[in-house]
Amino acid sequence: MRMYDLIAKKKHGEILTDEEIAYMIGGYVKGEIADYQMSAMLMAIWFKGMTDHEITKMTEIMAESGDMIDLSPIEGKKVDKHSTGGVGDKTTLIVAPIVAACGGKVAKMSGRGLGHTGGTVDKLEAIPGYRTVLSREEFFNTVKKCGASLIGQSGNLAPADKKLYALRDVTATVDSIPLIASSIMSKKLAAGSDCILLDVKTGSGAFMKTLDDSIKLAQTMVAIGEGAGRRTVALITDMDTPLGCGIGNSIEVAESMDVLKGVGPVDLTEVSLQLAANMLYLVGKGTLEECRAMAEKSITDGSAFENFCTMVKEQGGDDSVLRDTKKFSQAPYVHEVKADRDGFITHMDAEKIGITSVILGAGRETKESDIDFSAGLIIHKKYGEAVSKGDSLVTLYTSRQDKLPDAEKLYREAVEIGATEPKKVPLIFARVEKDSVEKF
Ligand code: URA
């Protein structure tokens, strides 16, 4: 077999056989196929697409390129959750303890921030002492004891994806449904849970900018999960506007604790409850309505919050900062950006707002940069809200005073103030199951 012939085949829109896909992924991981040939293949896939069978096969081979985690020593059904990436998306910190408090099991490996989107591991590391690297035994024991454990991705989880993702990042081939679906689902299959809830983001801050593309991506991933014997559901949620009000690592932990204490922003609370209800539904805790009621109760009776504190302590973290979030170390420079006219917030560019937080120090400018856990921003006026001249739009937090002018400029570019109230946008657009798409 020759990679040259496979590239030519895909260039003409032909279907690759299972053997050809195995040859291509296996050869690339072993270093026998060069980056330039794989780049050409990725671009051919970007233009010509793949059949569902090709995508499923490629996903399986990518998953099996590294460790396949066996979670069977942990009793009960395990449920995983994956977001396709967003700004201010801290739902994992909220749904894991809710699901655990309601009797579900969450053994979850998360990633770090990528570009303008934040990562769960970085947020967790803002909690003093919290260990995101555990031995397999510690990881399993934490799930057995607390119902949930949140850690970083092990080095050898789907190495084929790691290598392919880095190549896609520099060859303009990230935004392809077969490539995103196989990338995400290879990691989910390797991570070993029985059920998978996907949060597919749509809008200006997401990889998929239109609802139709987001539904197609969700259907592709649900088909892969179900085909591999994992119960899989996807929700399509809004990422035109950041989720919640806080962006930045300790700021997002604090906001997640507000939600768990029942005093968080309405949009973040609603999306988190829907995600948690679907995770509980997947593990068989009842109908969606029953699961939703259970999730709500775990907030009102405080059990989800206490569950999170217990997990954090178990993983070496200091839970006193969760009980009193003012104890998080505070950024030395705080700056308010005020409205320069009356009107309504008619547009928020989530991607630009994500980049604003990176400028302030909340994300990495390069792979090697350090994160400033206290940096970020808190939005006071969100999409659809009325503003008067002089109202505070956002508070910026940073340790680098020199970054404030650029951050303020970009935030002002990201937020539009218009004369008329814009139309309401749903938080959740659709729910995708194996054989159905329900639009809201
Ligand atoms: N997240 C991933 O893990 N992979 C992609 O391709 C896109 C988002």
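Small disclaimer: the values here were computed from a predicted structure and weren't measured.

Chemist: Help me get a handle on the side chain of Ser182, residues and values and all.
Modeler: With respect to the helices and strands, Ser182 occurs in helix 9 (residues 177-191). Residue classification places Ser182 among the buried residues on the basis of a relative accessible area of 2%. Of note is the side chain of Ser182, whose polar atom sits 3.2 Å from the backbone oxygen of Leu179. Leave out the neighbours within four places in its chain, and Ser182 touches Ile55, Met58, Thr59 and Met62.

Chemist: Let's hear about the sheet that holds strand 6 (residues 246-247): which residues, and what values?
Modeler: Pairing is antiparallel across the open sheet formed by 4 strands, whose spatial order is 6-9-11-7. Edge positions in the open sheet fall to strand 6 and strand 7 (333-338), since each of these has one partner strand only. For strand 9 (residues 376-379) and strand 11 (residues 392-398), the ladder comprises 4 bridges, and the chain directions are antiparallel. Its bridge partner lying in strand 11, Ile378 is registered against Thr395. Helix 16 (residues 350-360) rests against strand 6, strand 9 and strand 11 of the sheet, and its axis sits at about 140° to strand 9.

Chemist: Which residues make up unusual backbone geometry, and what values do they have?
Modeler: Of note, the phi angle at Ala158 is positive, near 45°, even though the residue is not glycine. For Ala158, the position within the fold is in the loop between strand 3 (148-152) and helix 8 (159-169). Classification of Ala158 by relative accessible area gives buried; the value is 1%.

Chemist: An account of the packing of helix 9 against helix 10 (residues 211-227) is needed here, citing residue identities and associated values.
Modeler: The contact between helix 9 and helix 10 brings their axes to 9 Å, and the two run at 40°. It follows that helix 9 is oblique to helix 10 by the angle criterion. The element helix 9 and its partner helix 10 pack so that their crossing is right-handed. Where helix 9 abuts helix 10, its residues Ile177, Ile180, Ala181, Ile184, Met185 and Leu189 lie against Asp213, Lys216, Leu217, Thr220, Met221, Ile224 and Gly225. Taken together, the residues that form the contact of helix 9 with helix 10 break down as 9 nonpolar, 2 polar and 2 charged.

Chemist: Could you give an account of the site of the ligand, naming the residues involved and the relevant values?
Modeler: For the ligand, the full set of nearby residues is Tyr165, Arg168, Ile180, Ser183, Ile184, Lys187 and Phe207. At a separation of 2.9 Å, an oxygen atom of the ligand approaches a polar side-chain atom of Arg168. For the ligand, whose accessible area on its own is 240 Å², the fraction buried by protein is 92%. The set of elements that each furnish at least two residues to the shell around the ligand consists of helix 8 and helix 9. Among the elements that line the shell around the ligand, the one with the most residues is helix 9, at 4 residues. Classifying every residue of the shell around the ligand gives 4 nonpolar, 1 polar and 2 charged.

Chemist: Before we move on, can you summarise the packing of helix 8 against helix 9 with the specific residues and values?
Modeler: In the contact formed by helix 8 and helix 9, the axes pass within 10 Å of each other and the chain directions differ by 150°. Judged by the angle between their axes, helix 8 and helix 9 are roughly antiparallel. In this structure, helix 8 meets helix 9 at a crossing whose hand is left-handed. Counting all contacts with helix 8, which are made through Asp161, Tyr165 and Arg168, the residues of helix 9 involved are Leu179, Ile180, Ser183, Ser186 and Lys187.

Chemist: For the pattern of salt bridges, give the residues involved together with the corresponding values.
Modeler: Any two side chains of opposite charge can pair if their charged atoms end up close together. In the structure shown here, the tally under the stated rule is 31 salt bridges. Note that Lys209 and Glu351 form a salt bridge whose closest N and O atoms lie 3.7 Å from each other. Placement of Lys209 in the loop between strand 4 (195-202) and helix 10 and of Glu351 in helix 16 is noted, with a sequence separation of 142 residues between them. With a shortest N-O distance of 2.7 Å, Glu296 and Arg292 are connected by a salt bridge. Remark: Arg292 and Glu296 occur in helix 13 (residues 288-300); sequence separation between them is 4 residues, near one turn of the helix. With a relative accessible area of 21%, Arg292 lands in the partly exposed category. A single salt-bridge network, built from bridges that share partners, covers Glu226, Arg231, Arg431 and Glu433.

Chemist: For the environment of Asp175, give the residues involved together with the corresponding values.
Modeler: If you trace the backbone, Asp175 turns up in the loop between helix 8 and helix 9. Residue Asp175 is classed as partly exposed on the basis of its relative accessible area of 40%. For Asp175 and Lys209, which are 34 residues apart along the polypeptide, the C-alpha to C-alpha distance reads 9.9 Å. Dropping the residues within four chain positions of it, Asp175 is found in contact with Trp46, Ile180 and Met208.

Chemist: Give a description of the packing of aromatic side chains that names residues and reports values.
Modeler: In this structure the tally under the stated criterion is 2 aromatic pairs. Centroid distance Trp46 to Phe47: 5.0 Å. Interplanar angle 75°. Geometry classified as edge-to-face. Ring geometry for Phe139 and Phe140: centres 6.1 Å apart, planes at 50°, overall tilted. An identical accessibility class is assigned to Phe139 and Phe140; each is buried. For the cation-ring pair, Lys163 lies above Tyr28, with the distance from its terminal atom to the ring centre recorded as 4.3 Å.

Chemist: I'd like a rundown of the nonpolar core, residues and numbers included.
Modeler: Within the largest apolar cluster, 75 residues are counted, with the highest numbers of intra-cluster contacts made by Ile98, Ile127, Phe308, Leu322, Ile353, Leu377 and Tyr411. Take this core: its biggest share by element is 9 residues, from helix 12 (residues 266-282). Leaving out residues up to four positions away in the same chain, Ile98 has contacts with Leu260, Ala276, Ala295, Ser298, Ile299 and Ala304. Judged by nonpolar contacts, the second largest core, of 56 residues, contains Ile21, Ile74, Ala160 and Ile196.

About the criteria used
Residues numbered from 1 in each chain as written. Predicted model: local features only at pLDDT ≥ 70, side-chain atom pairs only at ≥ 80, totals over all residues. Heavy atoms only, no water. Helix = DSSP H or I, 4+ residues; strand = E, 2+ residues; numbered from the N terminus. Buried < 20%, exposed > 50% of the residue type's maximum accessible area, 1.4 Å probe, protein only. Polar contact = N/O pair within 3.5 Å; in protein donor to acceptor, adjacent residues only side chain to side chain. Contact = heavy atoms within 4.5 Å. Pairing = 2+ DSSP bridges. Axes fitted to C-alpha atoms, helices over the stretch in contact; angles between N-to-C directions. Parallel < 35°, antiparallel > 145°, perpendicular 65-115°, else oblique. Left-handed = near helix turned anticlockwise from the far one by under 90°. Nonpolar A, V, L, I, M, F, W, Y, C, P; charged D, E, K, R; others polar. Near = heavy atom within 4 Å. Areas by Shrake-Rupley, 256 points an atom, 1.4 Å probe, with all protein chains shown as cover. Salt bridge = Lys/Arg side-chain N within 4 Å of Asp/Glu carboxyl O. Phe/Tyr/Trp six-rings, centres within 6.5 Å; stacked < 30°, edge-to-face > 60°. Lys NZ or Arg CZ within 6 Å of the ring centre and 35° of its normal. Core = buried A, V, L, I, M, F, W, Y, C linked by side-chain atoms within 4.5 Å.

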